[in-house]
Amino acid sequence: MTKRPHSHISCKGILLLSVLFVLMLSARPQQPPPQPQPQDVRVVELRQAGTWYKRANFDAQILIDSVILYHEGAYMYCDSAYLFDTTNTFEAFSNVRMEQGDTIFVYGDYLHYDGNTRLARLRDHIRMEDQQVTLFTDSLNYDREANLGYYFDGGMLVDEQNELTSFWGQYDPVSKDALFSDSVKLINEDYTIFADTLKYNTETKVADILGPSTIVSDSGFIHTSHGWYNTNTDDARLFNRSEIYSNDTSKVLIGDTIFYNRTTGLGEVFGNMYMEDFGRKAILQGNYGTYNEKTEYGMATDSAFAVDYSQADSLFLHGDTLKMLTDSVYKDIKAYYNVRFYREDIQGVCDSMNYVQRDSILYLTGEPVIWNQSNQILGNQIDIYLNDTTVDRAHVRDYALAIQDRQTTGQYNQVSGRDLKAFFEENELRRVLVEGNAESLYYLVEEDSAQTVLGLNKTESAYLSMDFLNDEMQKLKLWSATQAVTTPLSQVQQEESRLKGFMWLDYLRPRHRMDIFRRNQRQGADSEVVAPRRFSRDDIVEQ
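A. Fine view of the overall build of the protein chain. When helices and strands are counted, the protein chain shows one helix and 40 strands. Considering only contacts in the protein chain between residues 6 or more positions apart, those separated by 24 or more positions represent 40%. Of the roughly 27400 Å² that the protein chain leaves accessible, carbon and sulfur atoms contribute 50%.

Printed below as a string of structure tokens:
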């Protein structure tokens, strides 16, 4: 009787504990399902060996004579080997050969292969071949996982056209890309490339220049730090202010981007073109240009300008389009549209100009105007003859008008005619000769300290000459059927103080060498003259 209550209590306790246990189990967080374990790396297989044995206290299997090992598509041959089963690696000695399909063949004296990482380390007298190239080195690692072979102690890659050497390099047999660094040298029968870093595709034969490099050939050499060179076609695209020099270093072409073909010698420049001929002392610049190193023809446009420093006083010239043509000794510079030039002793504007270095002559056409000190000369065509230190003379053809600013408001000495020659000495106008329909307006000045103006003298004649000193007329000579009349200054009317076609265009005058980039835009009545024929684009076809 005493045990029954006790048994009843025990059953109820056990039942309660069971319920609590179930509730606790249901309240526990769910565990993630078990993850699949990675499969074991496929082991290196022994396919053949003339002799096999194991040495006491040595983990490796010792394989001798015609050993063949296999791992995931690659066969490895050698005279002897140590095969380490525990690490899935082996070492191969003597007459080592590694074959991957029918594309990759590697030969050497020693091989360490890791089956876990698929990395082959080959040493001494190594030759790696695929269908197009052969790689020679003494230290090569071939990463089968990444499909890259790389050396780090000097090597050479050879194809049917080029031989590349460097201290460090790698080759991808799939993409055919080879990357070289440190003392890179690409040798072709026509040129050699010296580079810091170079990428080369053995299929396209294109070399990508990735660091400071020099390309040397019989025609000259190139300095660049970025670009590419097609060793098949000799086409190149060069960036980062690359420099192309002639073989005698007498000429250089520089630009932000240059398209260049070594065979044809043609170069096309985009951005900040700079071309200099050190021998002929000339510079050609512009934001776009072309150059032919065989014909020595250069063209520049877009903010184009040229500098001729072959004489003591440099000539600075701007035009919408500039061309430079050279022969064995001299050069011609041609300028088209909105032409402006500056020298310390003479300045000018026109529509087109040709500078012939052989004769030291500037030919100006298309509303040409030139200035010297206080003198302005304009006409239909002006030829300027230069010498080493200054302007020698100017010849104005067909129609000429010379104006001298007296530095007094509204007073200008003037002379016009069919043909005019102006002669200069020591940067000053010294003599003017007019032939045909000569007219002049000249202010007569009292030879006293006050330089009192007496009146305005007007002449008409067939021929006229004037001599000057210190910007003042010293002598006037007229001949053949002359007419002359002097009007007192107080009686001179405005219309009487100007010859026909008078235009004072000093606002167009280039004031300094960088002032050549303004437009030759005439103002008001100055723009109403009948302009000579402008050159068409057909007139400036490249030579």
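Now that the structure has been shown, the text picks up again.
B. Region of interest: the environment of F136. Summarising the element assignment, F136 is placed in strand β8 (residues 134–143). Every residue in contact with F136, bar those within four places of it in the chain, is listed here: I126, R127, G155, M156 and V158.

C. Up close: the pattern of salt bridges. Under the criterion given, the structure shown has 33 salt bridges. Between R42 and E45 there is a salt bridge; the shortest N-O distance is 3.2 Å. Classification of R42 by relative accessible area gives partly exposed; the value is 43%. We note a salt bridge from E99 to R97, for which the minimum N-O separation is 2.7 Å. Residue classification places E99 among the buried positions, given a relative accessible area of 17%. Within this structure, K251, D277, R280 and E296 form a network of salt bridges that share partners.

D. Focus on the pairing of strand β25 (residues 297–301). Counting buried residues along β25, four of its five residues qualify, which places the element largely inside the surrounding structure. Relative to β25, strand β24 (residues 282–292) runs antiparallel, the two sharing five bridges. Residue N292 lies in a different strand from β25, and its bridge partner there is Y297. The loop that links β24 with its antiparallel partner β25 comprises four residues; one of these, E296, has a positive phi angle of about 60°. In this structure, β25 lies alongside strand β28 (residues 321–326), joined through four bridges in antiparallel fashion. The residue bridging A300 from the neighbouring strand is L322, located in β28.

E. Summary view of empty space enclosed by the protein. Following the criterion strictly, the structure yields five cavities of 30 Å³ or more and no others. Here the largest cavity is characterised by a volume of approximately 100 Å³. Among the secondary structure elements, those contributing two or more residues to the lining of the largest cavity are β33 (375–386), β34 (391–405), β35 (412–417), β37 (428–445) and β38 (453–469). Here the element with the most residues in the lining of the largest cavity is β37; it accounts for four residues. When grouped by side-chain class, the residues that make up the lining of the largest cavity number ten nonpolar, five polar and no charged.

F. View of the packing of aromatic side chains. Taken as a whole, this structure holds 14 aromatic pairs when the rule is applied. Chaining the aromatic ring pairs together yields one cluster made of F58, Y82, F84, F93 and Y110. Against the face of W479 rests K477, its NZ or CZ located 5.2 Å from the ring centre. We note R498 situated over the ring of F502; from NZ or CZ to the ring centre the distance is 4.6 Å.

G. Quick look at unusual backbone geometry. Unlike most non-glycine residues, N147 shows phi in positive territory, near 60°. With respect to the element layout, N147 can be found in the loop between β8 and β9 (148–151). You will see that K281, though not glycine, has its phi angle at about 55°, which is positive. Mapped onto the elements of the fold, K281 is located in the loop between β23 (266–277) and β24.

H. Inspection of the environment of Q132 at higher detail. In this structure, Q132 sits in the loop between β7 (119–129) and β8. Taking the relative accessible area as the measure of exposure, Q132 reaches 29% and is therefore partly exposed. Distance from Q132 to T103, taken between C-alpha atoms, is 9.5 Å for residues 29 residues apart in sequence. When sequence neighbours within four positions are dropped, the list of residues in contact with Q132 reads V158, D159, E160, K176, T202 and E203.

I. Geometry of the nonpolar core. The biggest cluster of nonpolar side chains holds 95 residues, and the ones touching the most others in it are F341, M353, I384 and L420. Residue contacts for L420: discarding those within four places in its chain leaves I377, A394, H395, V396, A400, A402, V415, V432, L433 and V434. With 18 residues, the next largest nonpolar core counts L378, Y412, V453 and L499 among its residues.

Cut-offs applied
- Residues numbered from 1 in each chain as written.
- Predicted model: local features only at pLDDT ≥ 70, side-chain atom pairs only at ≥ 80, totals over all residues.
- Heavy atoms only, no water.
- Helix = DSSP H or I, 4+ residues; strand = E, 2+ residues; numbered from the N terminus.
- Contact = heavy atoms within 4.5 Å.
- Areas by Shrake-Rupley, 256 points an atom, 1.4 Å probe, with all protein chains shown as cover.
- Salt bridge = Lys/Arg side-chain N within 4 Å of Asp/Glu carboxyl O.
- Buried < 20%, exposed > 50% of the residue type's maximum accessible area, 1.4 Å probe, protein only.
- Pairing = 2+ DSSP bridges.
- 1 Å grid on protein atoms, 1.4 Å probe; cavity = no way out; pocket = protein on both sides within 12 Å on 5 of 7 lines; lining within 4 Å.
- Points joined across faces, edges and corners; volume = space filled by probe spheres on them.
- Nonpolar A, V, L, I, M, F, W, Y, C, P; charged D, E, K, R; others polar.
- Phe/Tyr/Trp six-rings, centres within 6.5 Å; stacked < 30°, edge-to-face > 60°.
- Lys NZ or Arg CZ within 6 Å of the ring centre and 35° of its normal.
- Core = buried A, V, L, I, M, F, W, Y, C linked by side-chain atoms within 4.5 Å.

In short, the description is geometric, and any link to function would need to be established separately.
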